[in-house]
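Understanding the architecture of this molecule
Letter by letter, the chains look like this.
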Amino acid sequence: MQKRVQIQSRKAQTVYLPLAASSLTIHSRITSQSQSQNNIVKVVQKQLKVRNRSLKTRNQMQKEILSQTDSCTQKVSTERNLEIDSSIMEPSTTITNKQFQLVWQSPYRPHIYTINFPYPALLQQQRSQQFLVEQIKKPLFYKLQGQVPFKCVLNSFEAAGFERSDDDNWLLYWGLASKETLNEMKRYQKTNHFPGCWSVGRKDNLWIHLSKVKRRFPTEYSFIPNTYLLQYDFERFERIRECAPKKTLWIKKPVASARGNGIKLINKKSKLTADKRYLVMDYISNPHLINNFKYDLRVYVLITSTDPLRVYMYKDGLVRFATQEYSLKSSDIKKRFIHLTNFSVNKQSPNFIANNQDIGKQLKTSKWSHKEYKQQLMDQGINHKLLFKSIQDVVLKTCIAAEPLLLENRITQEHKNNYFELFGFDILIDEKLKPWLLEVNVSPSLNSSSELDAQIKTQLISDMLHLIGLEYHTKKAFRIQIKKKLYERNINDIQSINTRNFRQKVNQEDLDVMIQSLEEQLRLGQFKCLYPNKKNIFEYEQYFEYPRFHNKLIQKYFEDGSNWVI
Ligand code: ADP
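Below, the structure is looked at part by part. Here the structure is a predicted model, which is why all the values come from computation and not from measurement. (Residues numbered from 1 in each chain as written. Predicted model: local features only at pLDDT ≥ 70, side-chain atom pairs only at ≥ 80, totals over all residues. Heavy atoms only, no water.)

Re the site of the ligand
In the vicinity of the ligand lie 23 residues, with Lys253, Gly260, Thr341, Asn342 and Glu439 positioned nearest. Take Arg259: an N or O atom from its main chain is 3.2 Å from an oxygen atom of the ligand. The protein chains hide 99% of the 540 Å² of surface that the ligand would expose on its own. Of the pockets mapped on this structure, the ligand occupies the largest cavity. Tallied by class, residues from the shell around the ligand come to ten nonpolar, five polar and eight charged. Two domains each provide a minimum of three residues to the shell around the ligand, namely domain 2 (174–215 + 287–566) and domain 3 (226–283). (Near = heavy atom within 4 Å. Polar contact = N/O pair within 3.5 Å; in protein donor to acceptor, adjacent residues only side chain to side chain. Areas by Shrake-Rupley, 256 points an atom, 1.4 Å probe, with all protein chains shown as cover. 1 Å grid on protein atoms, 1.4 Å probe; cavity = no way out; pocket = protein on both sides within 12 Å on 5 of 7 lines; lining within 4 Å. Sits in = over half its atoms within 2 Å of the grid points. Nonpolar A, V, L, I, M, F, W, Y, C, P; charged D, E, K, R; others polar. Domains from an automatic or database assignment.)

So, in structure tokens, the structure goes:
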């Protein structure tokens with residue numbers, strides 16, 4: 001009997017709470033039967049009160065949510081957190097942790113839950129408790145593509161109660177899955193690579209695709225250095241090299257390699273052949289220096305969907321320094337510790353200093369966080385906000401250029417929700433504070449080679465897994481899912497949609513797409529939403545190769561003042 005009442009009380013907590021109910025205090029500590037009954041009454045009364053109030057203001061609230069760009073969302077999560085009873089995290093005295101777990105409940109869809117990824121212990125901080133409710137615990141599984149898993153990935157899975165599986169019962173597949181596995185994915189399974197990820201993840205492909213857009217928008221896409229694929233452009237490059245000023249430098253790289261392997265600087269006299277394995281890029285010879293050292297930025301970018309496009313940039317990242325002072329002397333062009341900023345190259349230098357949280361040494365270490373970097377820029381009187389805005393611009397324009405490729409390679413329409421991808425963008429800043437895109441990495445290194453790496457990457461992975469919204473399946477949710485159908489839509493219909501007729505004009509798929517976008521905005525962690533973002537969605541429209549129904553639908557929603565009642 002006692003057990004039944006307790007479970008009932010848990011159920012009371014999972015009643016659908018509209019967004020405005022987020023200030024609800026949820027009591028999860030139940031010590032006796034009478035206490036638990038009291039709690040039920042308390043909770044339900046409070047819910048009803050809040051619900052009535054929220055019905056009136058629902059429209060208003062939804063408007064608020066979509067207008068939440070990142071900074072706004074941050075404010076909401078910290079402010080609202082204060083209103084949540086911290087006892088929600090304390091273990092119940094009557095129900096063991098084995099039976100229940102906290103999941104993230106959508107404020108838009110009462111029966112949809114996603115898996116909450118609490119921060120692993122090493123981060124010593126707690127994720128926002130907003131929208132977390134208890135559900136009966138289920139076994140959760142991930143699958144690995146056989147490679148040695150990274151600690152930050154394993155820790156994040158473990159903190160969320162996941163176990164490794166070699167069967168097909170996984171929710172998340174980590175690694176490059178076979179075509180067969182991709183074809184058989186169920187709607188609720190996800191994997192961390194788009195089938196088309198190499199269309200930007202290889203240096204030659206990136207140039208091929210970006211240079212096409214650059215032809216249409218030469219100024220706006222001038223952030224990628226001119227590149228020559230030796231297989232096709234050898235003669236043209238040789239003509240250019242002949243006419244270039246005496247001291248001009250280029251950098252020769254293998255088209256499909258990483259970690260600085262096979263890279264070298266070349267000048268007017270260097271020997272060159274039309275080797276299809278290499279490309280040559282203009283060398284950015286005037287990098288911004290800190291303490292006379294060259295550096296580049298590793299920026300983490302997450303794409304959770306391509307149709308509609310959803311792009312997030314992580315607020316922290318790494319700054320990787322060269323380990324010998326910068327010099328353009330011709331006798332120095334072969335010195336990799338001067339010109340290359342790769343960690344894998346510079347860790348071999350006797351001057352390399354790991355960043356292990358010794359604050360006194362920070363400015364001398366060979367790797368910084370973006371936080372440390374921004375502080376340094378501020379000390380130099382440089383407006384880092386402006387700089388990071390232009391980096392966001394580079395990131396978003398690159399993702400927009402990649403969008404048709406990521407989409408074309410999608411195996412079927414049926415699998416449109418199965419993929420996400422974390423890219424590592426390498427960005428060089430020149431002395432005029434212009435960001436240059438050097439390359440986009442698929443599978444950026446997740447090694448925790450220092451405390452700094454471990455901190456940044458663990459939070460990054462945990463935030464990413466939380467944001468992507470792995471569905472926590474209840475039977476009801478599953479029924480809703482399989483009922484869904486996919487429709488071809490006419491993009492011109494969108495113009496006639498407005499606040500009043502929205503519900504009649506869109507179908508279930510459109511609604512889901514909108515809701516997913518809104519839900520992700522509530523699980524951002526340290527990610528910043530670059531697209532769709534109310535502030536810039538109109539500005540970036542022009543760069544898309546094709547207009548797409550769902551991108552346009554979200555744009556129309558913003559245009560109408562985010563007023564549609566979802
Ligand atoms: P890899 O994939 O092997 O790391 P990158 O393209 O990232 O190759 O280049 C390695 C390093 O070389 C970069 O971290 C940067 O320091 C330097 N580098 C690459 N391209 C340029 C360039 N166009 N101008 C100046 N430095 C460059």
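Back to the write-up after that little detour.
Focus: empty space enclosed by the protein
Counted according to the given criterion, the structure contains eight cavities of 30 Å³ or more. Taken together, 26 residues form the lining of the largest cavity, with Ile251, Lys253, Ile263, Asn342 and Leu438 sitting closest to its centre. Contributing elements (two or more residues each) for the lining of the largest cavity: strand 9 (250–254), strand 11 (278–282), strand 16 (421–429) and strand 17 (435–442). For the lining of the largest cavity, the element with the most residues is strand 9, which contributes three residues. Among the residues making up the lining of the largest cavity, the classes are represented as eleven nonpolar, six polar and nine charged. (Points joined across faces, edges and corners; volume = space filled by probe spheres on them. Helix = DSSP H or I, 4+ residues; strand = E, 2+ residues; numbered from the N terminus.)

Remarks on the pattern of salt bridges
Counted by the stated rule, this structure contains 22 salt bridges. The partner of Arg320 in a salt bridge is Asp296, with the nearest N and O atoms 2.9 Å apart. Note that Arg320 is positioned in strand 14 (residues 318–321) and Asp296 in strand 12 (residues 295–306), a separation of 24 residues in sequence. Comparing Arg320 with Asp296, the two get one shared label, buried. For Glu509, the salt bridge goes to Lys416, with nearest N and O atoms at 3.3 Å. Taken together, the residues span a long stretch of sequence, with Glu509 in helix 16 (residues 508–521) and Lys416 in the loop between helix 12 (384–408) and strand 16 at a distance of 93 residues. Comparing Glu509 with Lys416 shows no difference in burial state: the two are buried. (Salt bridge = Lys/Arg side-chain N within 4 Å of Asp/Glu carboxyl O. Buried < 20%, exposed > 50% of the residue type's maximum accessible area, 1.4 Å probe, protein only.)

A look at the nonpolar core
Of all hydrophobic cores here, the largest spans 80 residues; its most connected members are Leu297, Tyr373, Ile391 and Phe425. Each of domain 2 (174–215 + 287–566) and domain 3 (226–283) gives at least three residues to this core. Ranked by size, the runner-up nonpolar core spans 37 residues in total, among them Val153, Phe420, Tyr472 and Leu524. (Core = buried A, V, L, I, M, F, W, Y, C linked by side-chain atoms within 4.5 Å.)

Here we look at the sheet that holds strand 4 (residues 140–144)
Pairing is parallel in the open sheet, where four strands are placed in the order 5-4-6-7. Bordering the open sheet on either side are strand 5 (162–164) and strand 7 (190–191), each of which pairs with just one other strand. The pairing of strand 4 with strand 6 (residues 172–174) spans three bridges and is classified as parallel. In the strand pairing of strand 6, Tyr142 is matched with Leu172. (Pairing = 2+ DSSP bridges.)

Things to note about the packing of helix 16 against helix 18 (residues 549–559)
Between helix 16 and helix 18, whose axes approach to 10 Å, the crossing angle comes to 65 degrees. Here helix 18 runs roughly perpendicular to helix 16, going by the angle between their axes. Considering how the two elements wind past one another, helix 16 and helix 18 form a crossing that is right-handed. Note on element contacts: helix 18 touches helix 16 through Phe549, His550, Leu553, Ile554 and Tyr557, opposite Glu509, Asp510, Val513, Met514 and Ser517. Considered class by class, the residues forming the contact of helix 16 with helix 18 number six nonpolar, two polar and two charged. (Axes fitted to C-alpha atoms, helices over the stretch in contact; angles between N-to-C directions. Parallel < 35°, antiparallel > 145°, perpendicular 65-115°, else oblique. Left-handed = near helix turned anticlockwise from the far one by under 90°. Contact = heavy atoms within 4.5 Å.)

Description of the sheet that holds strand 1 (residues 100–105)
Strand order in the open sheet made by the four strands is 3-1-2-18, with antiparallel pairing throughout. Of all the strands in the sheet, the pair left with one neighbour each is strand 3 (132–136) and strand 18 (471–472). Alignment of strand 2 (residues 113–115) against strand 18, held across two bridges, turns out to be antiparallel. Across the sheet, residue Thr114 finds its bridge partner in strand 18, namely Glu471.

Comments concerning the packing of aromatic side chains
Describing an aromatic ring pair means giving the distance of the ring centres and the angle of the ring planes. On inspection of all chains with the given rule, the structure shows 24 aromatic pairs. Seen in terms of ring centroids, Tyr221 and Phe223 are 5.3 Å apart; in terms of plane orientation they differ by 40 degrees. Their pairing is tilted. Judged by its relative accessible area of 0%, Tyr221 falls in the buried class. Ring centres of Tyr557 and Trp564 lie 5.3 Å apart, and the angle between their planes is 75 degrees; this geometry places the pair in the edge-to-face category. The exposure classification of Tyr557 matches that of Trp564, with both residues buried. Members of the aromatic cluster, each reached through a chain of ring pairs, are Phe217, Tyr221, Phe223, Tyr540 and Tyr543. The residue whose ring lies beneath Arg127 is Tyr119, and the NZ or CZ to ring-centre distance is 4.2 Å. (Phe/Tyr/Trp six-rings, centres within 6.5 Å; stacked < 30°, edge-to-face > 60°. Lys NZ or Arg CZ within 6 Å of the ring centre and 35° of its normal.)

With respect to the pairing of strand 16
Within a regular beta strand, the side chains point alternately toward one face of the sheet and then the other, so they alternate between its two faces. The element strand 16 is largely enclosed, with a buried count of nine among its nine residues. Of the two faces of strand 16, the one holding Glu421, Phe423, Phe425, Ile427 and Ile429 and the one holding Leu422, Gly424, Asp426 and Leu428 are both buried throughout. Here strand 12 runs beside strand 16; their pairing, made up of seven bridges, is antiparallel. Bridged to Val301 within strand 16 is Phe423. In the sheet, strand 16 pairs with strand 17 via seven bridges, with the strands oriented antiparallel. Bridge pairing in strand 17 links Gly424 to Asn441. Counting the residues in the hairpin turn of strand 16 and strand 17 gives five residues, including Leu433, whose phi is positive at 65 degrees.

Remarks on the layout of surface pockets
Volume-wise, the largest pocket comes out at about 930 Å³. Arg259, Val442, Ser443, Pro444 and Ser445 are the residues nearest the centre of the largest pocket, which is lined by 42 residues in total. Listing elements by their share of the lining of the largest pocket, those giving two or more residues are helix 6 (198–201), strand 12, strand 14, helix 10 (343–346), strand 16, strand 17 and helix 13 (451–468). A per-class count over the lining of the largest pocket returns 16 nonpolar, 14 polar and twelve charged. There are two domains that each give the lining of the largest pocket at least three residues, and those are domain 2 (174–215 + 287–566) and domain 3 (226–283).

What to know about the environment of Phe558
Mapped onto the fold, Phe558 is located in helix 18. Separated by 23 residues in sequence, Phe558 and Lys535 have C-alpha atoms that sit 9.2 Å apart.

Regarding the environment of Glu519
With respect to the helices and strands, the residue Glu519 is situated in helix 16. Take Glu519: its relative accessible area is 3%, and that puts it in the buried class. Between the C-alpha atoms of Glu519 and Ile468, which are 51 residues apart in sequence, the distance is 9.6 Å. Non-local contacts of Glu519, meaning those with residues more than four positions away in its chain, are made with Trp104, Ser106, Tyr108 and Arg109.

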